[in-house]
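Analysis of the macromolecular model
The residues making up each chain are set out below.
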Amino acid sequence: MYKIPANTLFLGKNLVFMPECHSTNTFALELCQQSSSSAEGTVVITANQSAGRGQRGNVWIVEPGKNLTFSVILRPSFLPVKDQFYLNIFSALAICDYLKEAGCEDVRIKWPNDIYVRDKKICGILIESQLQGSKITSSVLGIGLNINQRNFTMGTATSLTLETGRDCDLQQALEQLLGFLEARYLQLRQKLQSLKIDYLDNLYWINEEHTFQSLELGVFNGTICGLDPAGQLLIRIDGKEKAFGIKDVAYVHAMQ
Ligand code: BTN
């Protein structure tokens, strides 16, 4: 059970809690379709998500009752479609803000919007937007943030409790995170470009040479050097910058 947060102006003021749900993103998308007036800031949250969806058709599976699994309905009609990557930017930054405040060290955004702590994934974000012409009519921002889970099948995953050594109250974590999301969303409305600077400051592997893989180039070495205006990842390879889309490039991690 979650309560309406006291520290926000509009995020979570309409809060739909379901003990069990297939996917909070799917549920929130249905709310958006049913009524165009489903309020901006509505939060759909569950303790047990049975068919969680991730990026690129992946699944999102976590232990029931231990983590934050929720979706937020936004109506960013002020944001042109060409700038929609800023939805990834503002939300990833808000989660970094929260994790740093909660005591995590070495918090990074792995482009486009996975959140890593000390080289392990702690949070995934799935953003699904409805467009009308050049306008974004609504966006569902789905967040899966590992909080109190200690055991993961993937050795590349972590949680807040594993990072800080403390268990965390989920209601308090939700309130704090929604506070940071609201603050960054206001920054998105007012100071778009400053968000990009903050994002690059927090980007995983930026300005370091690493190994990547793409269909076109196979395995190659390069250095992340920024984002193009559409949010594609810029990698410098042999002195030349090349832009990669979300499905076009994978990070290759050294064997440990
Ligand atoms: C990813 O890293 O692939 C993104 C994972 C996003 C998972 C969250 S959990 C809440 C919301 N509902 C879903 O079905 N997915 C997102």
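Everything numeric here is computed off the predicted structure, so don't read it as measured data. (Residues numbered from 1 in each chain as written. Predicted model: local features only at pLDDT ≥ 70, side-chain atom pairs only at ≥ 80, totals over all residues. Heavy atoms only, no water.)

1. Here's the deal with the packing of helix H2 (residues 85–101) against helix H4 (residues 170–190)
Note the cut-off: Helix axes use the C-alpha atoms of the stretch in contact, all axes being lines fitted to C-alpha atoms, and the angles between their N-to-C directions lie in the range 0 to 180 degrees. Here a strand is any run of E in DSSP of at least two residues, a helix any run of H or I of at least four, and the numbering for each starts at the N terminus. Angles are sorted into four bins: roughly parallel if under 35 degrees, roughly antiparallel if over 145, roughly perpendicular if 65 to 115, and oblique for all others. Put simply, a crossing is left-handed when the front helix is turned counterclockwise from the back one by less than a right angle, and right-handed when it is turned clockwise. Whether two residues are in contact is decided by their heavy atoms: any pair within 4.5 Å suffices. Residues are grouped as follows: Ala, Val, Leu, Ile, Met, Phe, Trp, Tyr, Cys and Pro are nonpolar; Asp, Glu, Lys and Arg are charged; every other residue, Gly included, is polar.
Where H2 contacts H4, the axes come no closer than 8 Å and their chain directions differ by 140°. Our classification of the angle between H2 and H4 gives oblique. You can see that H2 and H4 cross each other, and the crossing is right-handed. Packed against H2, whose contacting residues are Tyr86, Leu87, Phe90, Ser91, Leu93, Ala94, Ile95, Asp97, Tyr98 and Glu101, the element H4 presents Ala173, Gln176, Leu177, Phe180, Leu181, Arg184, Tyr185 and Leu188 at the interface. Of the residues contributing to the contact of H2 with H4, the split by class is 13 nonpolar, 2 polar and 3 charged.

2. Structural notes on the site of the ligand
Defined as follows: Throughout, the term near means that a residue has one or more heavy atoms lying within 4 Å of the molecule or strand in question. Throughout this description, a polar contact denotes any pair of N or O atoms lying within 3.5 Å of each other; where both atoms belong to protein, one of them has to be capable of donating a hydrogen while the other can accept it, and for residues adjacent in sequence the pair is counted only when both atoms sit in side chains. Areas reported here follow the Shrake-Rupley algorithm with a probe of radius 1.4 Å; residue values treat only the protein chains shown as occluding.
In the neighbourhood of the ligand, 20 residues make up the surrounding shell, with Ser23, Gln49, Arg53, Gln55 and Lys121 lying closest. In the environment of the ligand, an oxygen atom lies 2.7 Å from a nitrogen or oxygen atom belonging to the side chain of Ser23. Contact between the ligand and Gln55: an oxygen atom at 2.7 Å from a main-chain N or O atom of the residue. When the free accessible area of the ligand is taken as 420 Å², the share hidden by the protein chains comes to 98%. Counting residues per element, the ones that place at least two in the shell around the ligand are helix H1 (24–34), strand E3 (52–53), strand E5 (68–74), strand E8 (120–132) and strand E9 (135–145). Looking at which element gives the most residues to the shell around the ligand, the answer is E8, with 4 residues.

3. Let's talk about the sheet that holds strand E1 (residues 15–18)
Cut-off, in case you're wondering: Between any two strands, at least two bridges found by DSSP are needed for them to pair.
The mixed open sheet is built from 7 strands, whose spatial order is E1-E2-E5-E9-E8-E7-E6. Pairing within the sheet leaves two strands with one partner each, and these edge strands are E1 and strand E6 (107–110). The sheet shows a mean angle of 20° between the axes of neighbouring strands, taken without regard to direction. Looking at chain direction, strand E2 (residues 43–46) and E5 are connected through 3 bridges and run antiparallel. In the strand pairing of E5, Val43 is matched with Val72. Helix-sheet contacts for H2 involve E5, E6, strand E7 (114–117), E8 and E9, and the interaxial angle to E8 is about 150°. Against the sheet, H4 engages E1, E2, E5 and E9, with an angle of about 30° to E5.

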